[in-house]
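Take a look at the letters that make up each chain.
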Amino acid sequence: MSTDAGERLVDGYTLVVFDLDGVIYLIDRPIPGAVDAVARLHAEGRSVAYATNNASRRSSDVADLLTGMGVPALPEEVLTSAAAAAELLRDRLPAGAPVLVVGAEALRAELRAVGLTPVTLADEKPAAVVQGYGPQVGWTELAEASVAVRQGAIWVATNTDRTLPSARGPLPGNGSLVAVLRTALERDPDLVVGKPESALFETAARRSDGGRTLVVGDRLDTDIEGARRAGLDSLLVLTGVSGVPELLAAEPRRRPTYVARDLAGLFDPAAAVRVPGAADAGGWSVTDRDGTLELAGSGLPLDALAALCAAAWSAPALPEIRPVGPDAANVLESFGLPTGG
């Protein structure tokens, strides 16, 4: 058994908030099934929103991108860390204040939209440094930011994602670039705006008109932790960054409410599972044998995963997992876990 009482997961929620990269699309291509899943939500009259840490696109650009992929979206449905960072600085700084930007043009545009002045040099005496992902960010920008922060500028990071997904695997994200400045300055940013901070999800949840909100993401360290900080249920989909090995080793603050391979889990009760489950249910059993978890039985792979979560999350550290029988071995292999053979 997967979701509670065999009901569709989506029926328990008024609003579904999606992360984008790794959930709806990968870079600029829709993930298989994602367009149909969002279209089905729209057809059922359900509310959706999109929350992204990507600060290289404006909300209107993201909406256009989604619409071009076959997912009709409005700019007001899209919440970006760039826009949130700009609004935060608008509330803290005088109108027209100079802000040194490390990142893409979209971040500069968001600052202009709220009445602040983007600059590029520490000699322009910026009141703040705002750092977001940009594919062209290099040493020169980071050096200017370092000088500006040492001179007293507020340092704001749009997000601290260590990696971002790509067709070639995870690539350095804004968190990796923030780490460069953190090393040089020997300090952390004054403020981090995006996930796992709760602001984006809290803003989205206010649109649910008092109903329940479900956050759908692919990263334990941003989407899932951010949802937990905001007090919201979450669904981890295995189409992006975080996989089953990371899930089984996850700290409590990064554990989702549900897991699915993809967005089909919103509608198919057999395609999503609540975690943790029972260690002996759904045709599977997990037994601790001298510090090694043995998976035995047969049934739905996600039910085996729920049982493994129950056992692994109860252990002081992630133990070795060993299959008992071919069905268990096939399940472990399908989840990218070693089978011992």
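The following refers to the structure shown.

About the thresholds
Residues numbered from 1 in each chain as written. Predicted model: local features only at pLDDT ≥ 70, side-chain atom pairs only at ≥ 80, totals over all residues. Heavy atoms only, no water. Helix = DSSP H or I, 4+ residues; strand = E, 2+ residues; numbered from the N terminus. Rg over C-alpha atoms; globule rule 2.2 N^0.38 Å. Contact = heavy atoms within 4.5 Å. Areas by Shrake-Rupley, 256 points an atom, 1.4 Å probe, with all protein chains shown as cover. Axes fitted to C-alpha atoms, helices over the stretch in contact; angles between N-to-C directions. Left-handed = near helix turned anticlockwise from the far one by under 90°. Nonpolar A, V, L, I, M, F, W, Y, C, P; charged D, E, K, R; others polar. Pairing = 2+ DSSP bridges. Buried < 20%, exposed > 50% of the residue type's maximum accessible area, 1.4 Å probe, protein only. Salt bridge = Lys/Arg side-chain N within 4 Å of Asp/Glu carboxyl O. Right-handed = clockwise from strand over helix to strand, strands pointing away. Phe/Tyr/Trp six-rings, centres within 6.5 Å; stacked < 30°, edge-to-face > 60°.

Quick look at the overall build of the protein now. Across its full length, the protein holds 11 helices and 20 strands. At 21 Å, the protein has a C-alpha radius of gyration in line with the 20 Å of a compact globule built from 341 residues. Its C-alpha atoms give the protein principal-axis dimensions of roughly 65 × 45 × 35 Å. Long-range pairs, those at least 24 residues apart, make up 67% of the contacts in the protein between residues at least 6 apart in sequence. Split by element, the accessible area of the protein, about 14500 Å² in all, is 50% carbon and sulfur.

The description of two helices packed together rests on the angle between their axes and the distance between the axes. Orientation of helix H3 (residues 81-92) relative to helix H4 (residues 105-113), taken along the N-to-C sense of each, is 35 degrees, at an axis distance of 9 Å. Between H3 and H4 lies a crossing whose hand is right-handed. Side by side, H3 and H4 meet where Ala82, Ala83, Ala86 and Leu89 of the first sit next to Leu107, Glu110 and Leu111 of the second. Per-class residue counts for the contact of H3 with H4 are 6 nonpolar, no polar and 1 charged.

Right, let's get into the environment of glycine 115. Inspection of the secondary structure puts glycine 115 in the loop between H4 and strand E7 (117-119). Glycine 115 sits 20 residues away from alanine 95 along the chain, and the two C-alpha atoms are 5.9 Å apart. Apart from residues no more than four positions distant in its own chain, glycine 115 is found in contact with Ala95 and Gly96.

Once that is clear, we can look at the sheet that holds strand E8 (residues 128-131). Spatially, E7-E6-E8-E9-E12 is the arrangement adopted by the 5 strands of the open sheet, whose pairing is parallel. The open sheet has two free edges, formed respectively by E7 and strand E12 (191-192), since each of these has just one partner strand. One ladder, built from 3 bridges, connects strand E6 (residues 98-102) with E7; its direction is parallel. Along E7, the bridge assignment pairs proline 98 with threonine 117. Its contacts with the sheet put H3 on E6, E8, strand E9 (154-157) and E12, and the angle it makes with E8 is roughly 170 degrees. Packing of helix H5 (residues 139-150) onto the sheet brings it into contact with E6, E8 and E9, and relative to E6 it is tilted by some 140 degrees.

Tracing the backbone shows alanine 167 in the loop between strand E10 (163-164) and strand E11 (171-172). Of the residues examined, alanine 167 reaches a relative accessible area of 76% and is grouped as exposed. The spacing of alanine 167 and threonine 80 is 87 residues in sequence and 22 Å in space, taken between C-alpha atoms.

For the rest of this paragraph, the subject is the pattern of salt bridges. With the rule as written, the count across this model stands at 23 salt bridges. Where arginine 46 meets aspartate 11, a salt bridge forms, and the shortest distance between an N and an O atom there is 2.7 Å. With arginine 46 in the loop between helix H1 (34-43) and strand E4 (47-52) and aspartate 11 in the segment before strand E1 (15-18), the pair connects residues that are 35 residues apart, well separated along the chain. Given the relative accessible area of 42%, aspartate 11 is considered partly exposed. The structure contains a network of salt bridges with shared partners spanning Glu197, Glu225, Arg229, Glu251, Arg253 and Arg254.

Pairing of strand E18 (residues 284-289) with strand E19 (residues 292-297) involves 6 bridges; the strand directions are antiparallel. Within E19, the position partnered with serine 285 by the bridge is alanine 296. Bridge count for E19 against strand E20 (residues 320-324) is 5 bridges, and the pairing is parallel. Residue pairing across strands places alanine 296 opposite valine 324, the latter belonging to E20. Remark: the E19/helix H10 (residues 301-314)/E20 crossover connection has right-handed handedness.

Once that is clear, we can look at the packing of aromatic side chains. Two aromatic rings are characterised by how far apart their centres lie and by the angle between their planes. Inspection of the entire model under this criterion finds 1 aromatic pair. Here the aromatic rings of phenylalanine 18 and tyrosine 50 are separated by 6.0 Å at their centres, their planes lie at 25 degrees, and the arrangement is stacked. Here phenylalanine 18 is found in strand E1, whereas its partner tyrosine 50 is found in strand E4, with 32 residues between them in sequence. An identical accessibility class is assigned to phenylalanine 18 and tyrosine 50; each is buried.

The values are spatial; any link to function lies outside them.
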